[in-house]
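Geometric and topological summary
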Amino acid sequence: LGSQVGGLWVYDNDNGLSPAYASLHLNSEARVTAYKDFPFPEGSPLYPDHRQVHQYLASYADTFGVTPHIRFRSRVEKVEPLPAGRWRVTLADGASSDFDAVVVGTGHQGTPSHPAWRDDFKGEYLHAHSYRVPEPFRGKRVMVVGVGNSAVDIAADICVVTQSTVISARSPVLMMPRMLFGVPTSRVLARLEKPWMPWPLRRTIRETLTRIVHGRMEQWGFVTPKSRTHPTSHPSLMSHFVWDRIKAKPGIASVQGQEVRFVDGSRETFDTVIAATGYHVDLPFLAPALRPLDGHRLDLFLRVIHPKHAGLYFVGMFNVAGGGNIRMMDDQSEWVADLVTGAAAHPDEATVHAAIEEERAFLRKHYPAAPRYALELDPVFYRGQLAREHRRARQPQPAPA
């Protein structure tokens, strides 16, 4: 856990797991990211930085009396089931405690995933997890691998000091503007897109808005996606393309020494590679039989309930495709509270397997078959699933005495 509330939002967290860099900001607007009962302070920016998010989370914990119940600097070594449905949590110092339920909220951005050619590159190599500030890359030829939010943040960050900056984009991407008509783009999409609209129509709306602001993706070296992709945006990235500070290249075919050959046949030499290539889900405190992992995917009932072990819950193990992660975790946490207190009934085995298969089918239909999308969570689809489950599982409450 480290010594502070805030997790990955704590810059240089002493737990060693935070990927926060100095320029990190929320990608979702503050008002739709915050907990429903605890907005960001009056006067907060539209997209708070990591310091403000850290302060916000710490303030939440203090306001609601959570902080005194946290055991800081306590690494969990093992979580194991006990008879009668209870759980034992053992710490690295050997201390253990028994609980009625365990919630795993460790996140999934602590163990970097590296490209297969990592050892073939003989220049400076680092994963985005280790990136903090641009100054060490001054005057260097740098390639950033990936087109997720961290990749574009880092490329925009370093390009003002490097000799050259290249983004290698293996996958298609729609680089949407962060703001439209003076407001966050998400607000505009909320007005234009309706729940009944099929995805091709929504995609056309997004492509049109992006083309008005940024032009065609192909003119900058990217490929426009034809299926759903994880949203990517940045307030200044495309300006750096205009100023020729950043160039895009396709996927990597091979690496030899410091030379990189791309799939289009072009070659380029780099001093440094920054790999924004994602993370592995890492649950070392659970025995292999308890880990609900299928490759990069977590097989859970509605992303929360372990399908085989009652009392083992998961929160925040997703990449939300639009909207705020914190708000979605809030929804999950309320449901966990209902399950633990008995206000909501646990699903039966048939319901669990049906929901897991429904989600698999949705991901197969709408997203590319790539590890990056194994934890993708569509907020509209997911909240529909949650609402249906709430209706099914809500337990009648006894009348007040």
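Conventions adopted
Residues numbered from 1 in each chain as written. Predicted model: local features only at pLDDT ≥ 70, side-chain atom pairs only at ≥ 80, totals over all residues. Heavy atoms only, no water. Helix = DSSP H or I, 4+ residues; strand = E, 2+ residues; numbered from the N terminus. Rg over C-alpha atoms; globule rule 2.2 N^0.38 Å. Contact = heavy atoms within 4.5 Å. Areas by Shrake-Rupley, 256 points an atom, 1.4 Å probe, with all protein chains shown as cover. Pairing = 2+ DSSP bridges. Axes fitted to C-alpha atoms, helices over the stretch in contact; angles between N-to-C directions. Core = buried A, V, L, I, M, F, W, Y, C linked by side-chain atoms within 4.5 Å. Buried < 20%, exposed > 50% of the residue type's maximum accessible area, 1.4 Å probe, protein only. Phe/Tyr/Trp six-rings, centres within 6.5 Å; stacked < 30°, edge-to-face > 60°. Parallel < 35°, antiparallel > 145°, perpendicular 65-115°, else oblique. Left-handed = near helix turned anticlockwise from the far one by under 90°. Salt bridge = Lys/Arg side-chain N within 4 Å of Asp/Glu carboxyl O.

**Some remarks on the overall build of the protein**
Check the secondary structure of the protein and you find 9 helices and 23 strands. The C-alpha atoms of the protein give 22 Å as radius of gyration, which agrees with the globular expectation for 401 residues (21 Å, within 12%). Projecting the C-alpha coordinates of the protein onto the three principal axes gives extents of approximately 70 × 50 × 45 Å. Considering only intrachain contacts with a sequence separation of at least 6, the fraction spanning at least 24 residues in the protein is 62%. When the accessible surface of the protein is summed, it comes to about 20000 Å², and 53% of that surface belongs to carbon and sulfur atoms.

**Here we look at the sheet that holds strand S15 (residues 259–262)**
Ordered by their spatial adjacency, 3 strands build an open sheet running S14-S15-S16, and the pairing between neighbours is antiparallel. Of all strands in the sheet, those bounded by a partner on one side alone are strand S14 (252–256) and strand S16 (267–269). With direction set aside, neighbouring strand axes in the sheet form an average angle of 20 degrees. Relative to S16, S15 runs antiparallel, the two being bridged by 3 bridges. By the bridge assignment, valine 260 is partnered in S16 with glutamate 268.

**So, the sheet that holds strand S8 (residues 164–168)**
If you walk across this open sheet you meet the 5 strands as S6-S17-S7-S8-S13, and the pairing is parallel. Two strands lie at the open edges of the sheet, namely strand S6 (124–127) and strand S13 (246–249), each paired on one side alone. Put simply, the sheet's adjacent strands are angled 20 degrees from each other on average, direction ignored. Judged from the 4 bridges that link them, S8 and S13 form a sheet pairing that is parallel. In the strand pairing of S13, isoleucine 167 is matched with alanine 248. Contacts from helix H3 (residues 149–158) reach strand S7 (141–145), S8, S13 and strand S17 (272–275), with the element oriented near 165 degrees to S7.

**Some thoughts on the nonpolar core**
Phe222, Leu237 and Ile274 are the most contacted members of the largest nonpolar core, which totals 52 residues. For this core, the secondary structure elements donating two or more residues are helix H2 (50–63), S7, H3, strand S9 (175–176), helix H4 (185–192), helix H5 (199–214), helix H6 (237–242) and S13. Counting residues per element, this core draws most heavily on H3, at 6 residues. Membership of the second largest hydrophobic core comes to 20 residues, among which are Tyr313, Val315, Ala344 and Ile356.

**Details of the environment of tyrosine 313**
With respect to the element layout, tyrosine 313 can be found in strand S21 (residues 312–314). Given the relative accessible area of 3%, tyrosine 313 is considered buried. A C-alpha to C-alpha distance of 9.8 Å links tyrosine 313 and glutamine 332, two positions 19 residues apart in sequence. The contact partners of tyrosine 313, leaving out residues within four places of it in the chain, are Ala101, Val102, Val103, Val104, Val304, Ile305, Val336, Leu339, Val340 and His346.

**Quick look at the packing of aromatic side chains**
Geometry of an aromatic ring pair is reported as the spacing of the ring centres plus the angle between the planes. On inspection of all chains with the given rule, the structure shows 15 aromatic pairs. Ring centres of phenylalanine 40 and tyrosine 56 lie 4.0 Å apart, and the angle between their planes is 15 degrees; this geometry places the pair in the stacked category. Taken as a pair, phenylalanine 40 in the loop between helix H1 (30–33) and H2 and tyrosine 56 in helix H2 lie far apart in primary sequence, 16 residues in all. In this structure phenylalanine 40 comes out as buried when scored by relative accessible area, which is 11%. Of the residues examined, tyrosine 56 reaches a relative accessible area of 2% and is grouped as buried. An angle of 10 degrees between the planes, with centres 4.0 Å apart, marks the rings of phenylalanine 362 and phenylalanine 381 as stacked. Taken as a pair, phenylalanine 362 in helix H8 (residues 349–366) and phenylalanine 381 in helix H9 (residues 379–393) lie far apart in primary sequence, 19 residues in all. The two residues phenylalanine 362 and phenylalanine 381 agree in class, both being buried.

**Examining the packing of H8 against H9**
Two elements in contact, H8 and H9, have axes separated by 12 Å at closest approach and are oriented at 165 degrees. Taken together, H8 and H9 sit at an angle that is classed as roughly antiparallel. Here the hand of the crossing between H8 and H9 comes out right-handed. Contacts between H8 and H9 involve Thr351, Ala355, Glu358, Glu359 and Phe362 from the first element and Phe381, Gln385, Arg388, Glu389 and Arg392 from the second.

**Focus on the pattern of salt bridges**
Per the stated rule, a full pass over the model turns up 29 salt bridges. One salt bridge connects lysine 36 with aspartate 331, and the closest N-O pair in it is separated by 2.8 Å. Taken together, the positions of lysine 36 in the loop between H1 and H2 and aspartate 331 in helix H7 (residues 325–341) put the pair 295 residues apart, joining distant regions of the chain. Relative accessible area serves as the criterion here: at 15%, aspartate 331 is assigned to the buried category. Linking glutamate 207 and lysine 226 is a salt bridge whose minimum nitrogen-to-oxygen distance equals 3.9 Å. With glutamate 207 in helix H5 and lysine 226 in the loop between H5 and strand S12 (232–233), this residue pair connects regions lying 19 residues apart in the sequence. Since its relative accessible area comes to 22%, glutamate 207 is described here as partly exposed. Its relative accessible area of 56% is what places lysine 226 among the exposed residues. Bridged by salt links that share partners, the residues Lys36, Asp330, Asp331, Glu334 and Arg383 form one connected network.

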